[in-house]
Amino acid sequence: MKWICSVSLAVTLAIQPAFADDLIGPHQLTPQARDAFVTDLLKKMTLDEKIGQLRLISVGPENPKSAIRDMIHQGQVGAIFNTVTRHDIREMQDQVMQLSRLKIPLFFAYDVIHGQRTQFPIPLALASSWDTDAIATVGRIAAYEAADDGLNMTWAPMVDVTREPRWGRGSEGFGEDTYLTSVMGRTMVQAMQGKSPADRYSVMTSVKHFAAYGAVEGGRDYNTVDMSSQRLFQDYLPPYKAALDAGSGGVMVALNSLNGVPASADSWLLKDVLRDDWGFKGITISDHGAIKELLKHGVASDPEDAVRIALKSGIDMSMSDEYYSKYLPGLVKKGAVSEKEIDDAARHVLNVKYDMGLFNDPYSHLGPVGSDPADTNAESRLHRAEARDVARKSMVLLKNRLETLPLKKSGTVALIGPLADSQIDIMGSWSAAGVAAQSVTLLQGMKNATADKATLLYAKGANVTDDKGIQDFINLYEKAMTVDTRSPQQMLDEAVATAKKADVVVLAIGEARGMAHEASSRSDLTLPQSQLKLIDALKATGKPLVMVLMNARALTLTHTTQQADAMLESWYSGTEGGNAIADVLFGDYNPSGKLPMSFPRSVGQIPIYYNHLNSGRPYNFEHPNKYTSHYFDEANGPLFPFGYGLSYTQFTLSPVKMSAATMPRNGTVNASVTVTNSGKRDGATVVQLYLRDQVASISRPVKELKGFKRIMLKAGESQTVTFPIDVSALKFWNAKMQQVAEPGKFSVMIGLDSARTVDAEFEYL
Ligand code: BGC
């Protein structure tokens, strides 16, 4: 599929890959040379060695270093994940080279989701930048730091479209929209893999979680997904396809079932769609323990059955379970699995190792002995300036009553809130090898910004939550939340006294990072009670209240927003988060981010998404009618729509100009709009193109994003933005599952968010 987007996808190489030479070594990195090499290698391998290649393990209590050494010796392991220092990685690669019969290099993988050592904003925040150059910078630097640690592969990007803010993993993806997620995912793959995953400072990507993991029922992690083929192909599959078309060498398979079939047992998904229709040649990897889980899904009768089903369905490599090694030899012996099937899976593993350049140089990401960094966490290994720049671009200004923001760097500012000084939370979940002690909190960022100019006061005000059950949940696997032992009242009193001394209050509130993570689903999306009480108490002081949200999902903030004079969604903004937020609060950066997810008014509205169907009885709030589709106790629309975000300046849009009233078959038409910065400050905004197929053979969404462009305008400046529209933007999957563009009228809607647009139309002939 061809995507229209007037934003340049050229990957900006923030770091010039000085070491990114074409491969030095005997093997040409071409598919033909690879196929010949792998065919030859497979002939030399025993069945056990082939099965060994299919095993992916992590060093830990279950697999101590000594056990791994033995497995490596026997050729029983294909790849390692979660080991992140050159020293440890070299040790294992040495064992392969010294002990194993065929010396097939291991590859080393890790969850590099939004940075390796330097933490950039979480992916949901990155999507809020709508800035592909920024995403490319993140991808290049993340890959650079990961490769510099010896890694070859990342379990990223996650492109699971989600309309489910209750689901904690929305934080790892790019939001609710298919087009935006596709653009972001594709950019990330291109940036991380660079010219070739074999380059010294590139890593291979493994797009995940295939497929439709973001649609788990009720937003409960690992739950069932059931959806129509049209919705699957139209809304959920394109981002995976975009990442694969960009060259992603890996695919991680989802944990959920899709229409009753667990993804790890779905040969239609993994073979018919992925291999046959999409021509994927890389590797499929099961998610953590997913093969074992086929028993609990109730599709396998015993472990051996699970292994047979997974392999036959198209899972090449098994993550974190010993089942493949244990049961495949017997299955081949009894003829339930053929050696050809083992060969196919092993070939995919060897293919990616070849593409990673490991057969030319197993140490290509390690360098010579003695070259390891003396301190893996050294400051010099971080990319702080880039992290700060991307973080400020990813923040979304949600409210700014009477221009409360930007703040002046004078007078007295009170910073209050449980997240104001939390180094761990600002990094966000899946923070790879990031070190909390290196992250800049908002308190530190505001100190840096106000030094010698304004008085800065601080009080914590409340714990993130007083709910013991939630505190324990968050601290279950890591000591992630420090609970202040003072009584809630003592903390509130201190906060109120602090606020009373200030001209303005900045309140850092939201979620602990463990509340928006894998296995962190919520049924209530309001702020925790402890924080709501803090807001009430501060509101009562009458001081202007600037809320800085730190969270990783769309929250329900209807009442909270009313209490705020200004509200900034900062998400989890990473290593340089505190400095970046301060840049925005004090006007050193004019916010430009736009929401990649609709913010509901209440949980009862979920799923709420902008590209819904109209229904036969759409509600019209200007002419309300009981027998129309609505809630009698809640509005239909979101609190903040998809694509929404304010600026410290104002932008106005001209009417839309179409280059023609009609679009010929397979031709193009252009839609243009002139954007003017009519305010007093320079600023960036994102111009968004939406289309609607007015009459079609099946009901089509009220609007769908089909293009966007981020532009920077000086105060008073205007720019005309032109969106070329071609047939790929009109296509959809019809009732017979054919991808078609049907003749007829299309509405063109251009706006600075999805709700308020200037409109035109054209006819597709
Ligand atoms: C997650 C994956 C992740 C894997 C390895 C699983 O629990 O679902 O997204 O890549 O663990 O850490």
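How each quantity is defined
Position numbers for residues start from 1 in each chain and track the written sequence from start to end. Under the rules for a predicted model, residues below a pLDDT of 70 receive no local features and side-chain atom pairs below 80 are neither given nor counted, while totals for whole chains, interfaces and linings still include all residues. Water and hydrogen atoms were dropped before computing side-chain values, which therefore reflect all heavy atoms in the structure. UniProt positions are given in the numbering used here, feature names are shortened, and annotations may be inferred rather than shown by experiment. Only DSSP runs of H or I reaching four residues or more are called helices, and only runs of E reaching two or more are called strands; each is numbered from the N terminus. The classification of residues rests on relative accessible area computed with a 1.4 Å probe and restricted to protein chains. Under 20% of the type maximum is buried, over 50% is exposed, and intermediate values are partly exposed. Nitrogen and oxygen atoms within 3.5 Å of one another constitute a polar contact, given that in protein one can donate a hydrogen and the other can accept it, and given that sequence-neighbouring residues count only through two side-chain atoms. The nonpolar core is taken to be a set of buried Ala, Val, Leu, Ile, Met, Phe, Trp, Tyr and Cys residues, with the residues joined through side-chain atoms within 4.5 Å. The contact criterion used throughout is that any non-hydrogen atoms of two residues lie within 4.5 Å. By salt bridge we mean one thing: a side-chain nitrogen of Lys or Arg within 4 Å of a carboxyl oxygen of Asp or Glu. Domain limits in this description derive from either an automatic procedure or a database domain assignment. Nearness is judged by heavy atoms alone; a residue qualifies as near a molecule or strand once a single heavy atom is within 4 Å of it. Computed with a 1.4 Å probe, the accessible areas rest on the Shrake-Rupley method; for each residue, only the protein chains presented here act as cover. Gly is placed with the polar residues, together with every amino acid not listed as nonpolar (Ala, Val, Leu, Ile, Met, Phe, Trp, Tyr, Cys and Pro) or charged (Asp, Glu, Lys and Arg). A strand pair is defined by DSSP finding two or more bridges across the two strands. Axis lines are fitted through C-alpha atoms, for helices just across the contact stretch, and the angle between N-to-C directions can take any value from 0 to 180 degrees. In these notes the angle categories are as follows: under 35 degrees is roughly parallel, over 145 is roughly antiparallel, 65 to 115 is roughly perpendicular, and the rest is oblique. Two helices crossing with the near one rotated counterclockwise from the far one by less than a right angle form a left-handed crossing, whereas a clockwise rotation gives a right-handed crossing.

- The protein chain is annotated in an unreviewed UniProt entry as Periplasmic beta-glucosidase from Erwinia sorbitola.
- Under Catalytic activity (unreviewed entry), UniProt gives the following word-for-word description of the protein chain: "Hydrolysis of terminal, non-reducing beta-D-glucosyl residues with release of beta-D-glucose."
- The Subcellular location (unreviewed entry) field of the UniProt record for the protein chain holds the comment "Periplasm".

## Some thoughts on the side chain of Gln-688
Line of reasoning, step 1. Here Gln-688 is to be found in strand S21 (residues 683–693).
Line of reasoning, step 2. Residue classification places Gln-688 among the buried residues on the basis of a relative accessible area of 0%.
Line of reasoning, step 3. Only 3.0 Å separates the side chain of Gln-688 from the backbone oxygen of Gly-643, close enough to count as a polar contact.
Line of reasoning, step 4. At 3.4 Å, the side chain of Gln-688 forms a polar contact with the backbone oxygen of Val-686.

## Observations regarding the nonpolar core
The tendency in soluble globular proteins is for nonpolar side chains to be buried side by side.
Line of reasoning, step 1. By size, the foremost hydrophobic cluster in this structure holds 130 residues, and its most contacted members are Phe-107, Trp-155, Phe-210 and Leu-328.
Line of reasoning, step 2. When residues of this core are assigned to their parent elements, the largest contribution, 8 residues, is made by helix H6 (residues 132–148).
Line of reasoning, step 3. Leaving out residues up to four positions away in the same chain, Leu-328 has contacts with Ile-51, Leu-54, Val-307, Leu-311, Tyr-323, Val-337 and Ile-342.
Line of reasoning, step 4. Ranked by size, the runner-up nonpolar core spans 78 residues in total, among them Ile-122, Leu-407, Tyr-572 and Leu-585.

## Notes on the pattern of salt bridges
Line of reasoning, step 1. Enumeration according to the criterion identifies 45 salt bridges in this entry.
Line of reasoning, step 2. The salt bridge partner of Asp-148 is Arg-381, with a shortest N-O separation of 3.1 Å. Note that Asp-148 is positioned in helix H6 and Arg-381 in the loop between helix H14 (339–355) and helix H15 (384–393), a separation of 233 residues in sequence.
Line of reasoning, step 3. The class of Asp-148 is buried, set by a relative accessible area of 15%.
Line of reasoning, step 4. Classification of Arg-381 as buried rests on a relative accessible area of 12%.
Line of reasoning, step 5. Between Arg-700 and Glu-704 there is a salt bridge whose closest N-O contact spans 2.8 Å. Just as Arg-700 is buried, Glu-704 falls in that class too.
Line of reasoning, step 6. Where salt bridges share partners, they join Arg-86, Arg-90, Arg-117, Asp-148, Asp-149, Arg-200, Asp-372 and Arg-381 into one cluster.

## Brief notes about the domain arrangement of the protein chain
Line of reasoning, step 1. According to the domain assignment, the protein chain consists of domain 1 (29–109 + 287–363), domain 2 (383–595) and domain 3 (649–762).
Line of reasoning, step 2. Domain 1 and domain 2 are separated by 44 Å when their C-alpha centres are compared.

## Details of the site of the ligand
Line of reasoning, step 1. With respect to spatial proximity, the complete set of residues near the ligand consists of Phe-81, Asp-111, Trp-155, Arg-169, Lys-208, His-209, Met-252, Asp-287, His-288, Met-319, Trp-430 and Glu-518.
Line of reasoning, step 2. Lys-208 is positioned such that a nitrogen or oxygen atom in its side chain is 2.9 Å from an oxygen atom of the ligand.
Line of reasoning, step 3. Note that an oxygen atom of the ligand is positioned 2.7 Å from one of the side-chain N or O atoms of His-209.
Line of reasoning, step 4. Protein contacts shield 93% of the accessible area of the ligand, which totals 310 Å² for the unbound molecule.
Line of reasoning, step 5. Broken down by class, the residue content of the shell around the ligand amounts to 5 nonpolar, 2 polar and 5 charged.

## Observations concerning the sheet that holds strand S6 (residues 250–253)
Line of reasoning, step 1. Ordered by their spatial adjacency, 8 strands build an open sheet running S9-S6-S5-S4-S3-S2-S1-S10, and the pairing between neighbours is parallel. Unpaired on one side and paired on the other, strand S9 (283–285) and strand S10 (318–319) mark the two borders of the sheet.
Line of reasoning, step 2. Pairing of strand S1 (residues 55–58) with S10, which is carried by 2 bridges, proceeds in the parallel orientation. Residue pairing across strands places Arg-55 opposite Ser-318, the latter belonging to S10.
Line of reasoning, step 3. Helix H9 (residues 238–245) contacts strand S5 (204–210) and S6 of the sheet and is inclined by roughly 165 degrees relative to S5.

## Details of the packing of H15 against helix H22 (residues 577–585)
Line of reasoning, step 1. Packing of H15 against H22 leaves a shortest axis separation of 8 Å and a crossing angle of 50 degrees. Considered as vectors, H15 and H22 are oriented oblique to each other. For the element pair H15 and H22, the recorded crossing hand is right-handed. Contacts from Arg-388, Ala-391 and Arg-392 in H15 reach Asn-579, Ala-580, Asp-583 and Val-584 in H22.
Line of reasoning, step 2. Residues that form the contact of H15 with H22 fall into these classes: 3 nonpolar, 1 polar and 3 charged.

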